[in-house]
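# Inside the fold
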Amino acid sequence: MKVNRLNLNRRTMLKTMTAFGVASTFGLTACSKEESTAPTQALKGAYDKDGNEVTPWTNWSGNQTSTPNERLVPKSTDELSSMIKNTNQRIRLVGAGHSFSGLVPTNETLMSLAYFYGISNIDKEKKQFDVASNTFLAGVGEELWQNGLSLENMPDINTQTFGGSIATSTHGTGINYGSMSSTVKNIVLVNGLGEEINCNVDENAEVFNAARTNLGTLGAVTTLKIQAQDKYYLKETSWMMDLEEGLAKTEQLRDEHRHFELYALPHADYILGITLDKIERKELLSSTPNTGDAYETFKTMSKVIDTLPYLRSFIINTGASTVEKEERTGRNYEVFGNVRDIRFNEMEYSIPAEYGVACLREILSTIKKLDIDVIFPMEYRYIKADDIWLSPFYQRDSCAISCHNFHDKDYKKYFAAIEPIFWKYDGRPHWGKIHTLAAKEQRARYPMFDQFLKVRKAMDPKNIFTNEHINKVLGLS
Ligand SMILES: Cc1cc2nc3c(=O)[nH]c(=O)nc-3n(C[C@H](O)[C@H](O)[C@H](O)COP(=O)(O)OP(=O)(O)OC[C@H]3O[C@@H](n4cnc5c(N)ncnc54)[C@H](O)[C@@H]3O)c2cc1C
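Now for a description of the structure that goes with this document. Note that the structure is a prediction, hence the values are computed from the model and not measured.

Conventions we followed
Residues numbered from 1 in each chain as written. Predicted model: local features only at pLDDT ≥ 70, side-chain atom pairs only at ≥ 80, totals over all residues. Heavy atoms only, no water. Helix = DSSP H or I, 4+ residues; strand = E, 2+ residues; numbered from the N terminus. Contact = heavy atoms within 4.5 Å. Near = heavy atom within 4 Å. Polar contact = N/O pair within 3.5 Å; in protein donor to acceptor, adjacent residues only side chain to side chain. Areas by Shrake-Rupley, 256 points an atom, 1.4 Å probe, with all protein chains shown as cover. Nonpolar A, V, L, I, M, F, W, Y, C, P; charged D, E, K, R; others polar. Pairing = 2+ DSSP bridges. Axes fitted to C-alpha atoms, helices over the stretch in contact; angles between N-to-C directions. Core = buried A, V, L, I, M, F, W, Y, C linked by side-chain atoms within 4.5 Å. Buried < 20%, exposed > 50% of the residue type's maximum accessible area, 1.4 Å probe, protein only. Disulfide = S-S within 2.5 Å.

## Examining the side chain of T237
Of note, T237 is situated in strand β15 (residues 233–242). Residues contacting T237, with those up to four places away along its chain left out, are G273, I274, T275, K325, E326 and E327.

## Remarks on the site of the ligand
Lining the immediate surroundings of the ligand are 38 residues, of which L93, G95, H98, S99 and R381 lie closest. With respect to the ligand, the backbone of A96 contributes an N or O atom lying 3.0 Å from an oxygen atom. Take Q160: an N or O atom from its side chain is 2.9 Å from an oxygen atom of the ligand. The protein chains hide 99% of the 970 Å² of surface that the ligand would expose on its own. Where the shell around the ligand is concerned, the elements lending two or more residues are β6 (91–94), α5 (162–167) and β13 (219–227). In terms of residue count, the dominant contributor to the shell around the ligand is α5 (4 residues). Of the residues belonging to the shell around the ligand, the class tally is 15 nonpolar, 18 polar and 5 charged.

## Regarding the sheet that holds strand β18 (residues 326–331)
Strand order in the open sheet formed by 8 strands is β18-β15-β17-β16-β20-β21-β19-β22, and the pairing between neighbours is antiparallel. Sheet topology places β18 and β22 (428–429) at the edges, where each strand pairs with a single neighbour. One ladder, built from 6 bridges, connects strand β16 (residues 259–264) with strand β17 (residues 270–279); its direction is antiparallel. Note that in β17 the partner of Y263 across the bridge is L272. Sheet contacts for helix α7 (residues 243–256): β15, β16, β17 and β20 (378–383); angle to β15, the most-contacted strand, approximately 155°.

## Focus on the nonpolar core
Core analysis: the largest hydrophobic core is formed by 116 residues, its most contacted members being F129, F162, L360, I418, F422 and L474. It is helix α11 (residues 356–369) that provides the largest number of residues to this core, a total of 6 residues. In contact with F129, other than residues within four places in its own chain, are I119, S120, N121, I122, V140, L144, L151, F162, L224, K225, I226 and A228. Ranked by size, the runner-up nonpolar core spans 14 residues in total, among them L80, M83, V190 and I464.

## What to know about the state of the cysteines
Across all of its chains, the model carries 0 disulfides by this definition. Sulfur of C359: no disulfide; nearest cysteine sulfur belongs to C399 and is 7.2 Å away. Since its relative accessible area comes to 0%, C359 is described here as buried.

Encoded structure:
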């Protein structure tokens with residue numbers, strides 16, 4: 001079943017459109033599947049330098065494309081090691097291709113660890129388990145549950161791989177919970193010399209500090225040991241608030257609930273609050289509403305607004321004012337994971353938690369002041385501080401604010417207007433999302449940046465695990 005956390009649902013939307021009498025005029029039945037999954041231009045034939053046809057690669061949203069001249073899919077650690085030892089070109093690892101930044105694209109070797117899949121060594125006493133790096137986040141919930149365990153938190157989708165998620169400090173929301181990287185207890189990787197390295201807080205501790213958020217630049221991660229906890233059920237509550245009321249209550253809600261997030265609607269006087277809290281089995285609701293893909297609703301709304309731009313605020317406010325409170329319950333991993341059918345591009349920065357509300361306020365007023373053409377909701381979340389060298393949450397409790405636009409809309413002008421606001425609040429960009437920072441600016445944001453580079457160089461002295469984007473953000477040549 002398709003369930004989602006942002007509940008401005010289609011029923012509400014159609015109610016709103018009916019009020020405007022425009023639904024039938026625009027043939028609004030929500031955007032078609034064909035549109036949401038249409039191949040990008042870049043998927044049409046591509047050729048390498050010798051004129052041979054090569055299969056292009058594209059990421060989830062379609063904003064990153066490349067034409068790898070070789071694809072490698074090792075079946076074992078020995079094979080992986082020998083592929084790395086024998087390569088005469090650079091390699092980029094790919095997980096599920098869900099990063100928006102240029103971490104993965106390469107015209108040289110693209111390597112997938114697709115054969116490295118599944119859970120092993122579930123330790124019920126320590127509440128830990130091993131997971132092969134290319135396992136999807138969605139792939140562990142059921143098996144852990146059968147063993148009495150669950151992940152402590154999850155991002156808002158579950159179709160990334162563990163290896164990819166850890167590489168960028170992928171996170172969910174909850175001020176008492178760190179990113180996926182913060183739950184890692186041991187890492188096994190094959191470095192740029194083809195050597196298998198085991199690291200944790202006691203063994204190769206410096207490598208461990210670098211490898212927990214590694215951008216795919218230390219080598220190929222094959223296995224991760226993850227700290228889990230006892231299994232739990234969740235109740236999610238979402239409700240629309242007056243914008244000012246919502247902003248005033250944000251820090252209180254953050255502290256009162258296990259998980260709290262906001263969806264801020266540009267050009268609107270409303271904000272959607274979402275909380276998730278642990279419940280007992282007996283508190284499970286008898287049915288869970290199927291809200292559809294909320295972003296699909298916004299895509300439909302965007303079509304109307306494109307033709308009636310001067311009614312933008314009015315349409316969004318009218319839609320928002322009709323949204324009813326909704327509750328969902330279930331096993332945690334069923335409640336955490338959303339389905340995203342509508343492709344979009346995204347920029348996200350993490351700022352010190354205490355600046356969150358002020359920063360969001362400034363972003364919303366800038367969008368209004370500059371009349372930026374965007375209706376896509378912004379996501380506002382909290383993440384606990386950690387000690388991982390390249391984690392955006394390094395030594396500070398953080399608030400992550402994400403700006404999105406539909407994949408077929410220009411995001412560059414919008415992001416360019418907002419990015420300096422994040423800088424003003426000492427923001428660190430999500431490594432897997434769109435930003436414009438290079439090594440000089442990143443070094444200033446990460447106290448352990450040079451230590452990371454030192455360990456990276458030791459792990460990959462021949463700079464095999466690099467591409468142009470990596471060279472830019474880490475300052476490699
Ligand atoms: C719809 C959508 C929703 C999202 N929601 C969230 C969210 O809620 N929170 C959040 O923080 N982020 C979110 N993201 C971003 C996403 O979680 C990150 O970009 C994540 O890194 C993607 O994982 P992946 O498996 O797709 O890896 P990829 O994007 O394929 O790769 C990411 C990095 O990992 C490296 N890598 C992959 N596998 C390995 C390996 N085995 N060894 C070493 N390096 C490896 C790659 O080289 C690359 O540097 C979202 C993205 C999308 C498209």
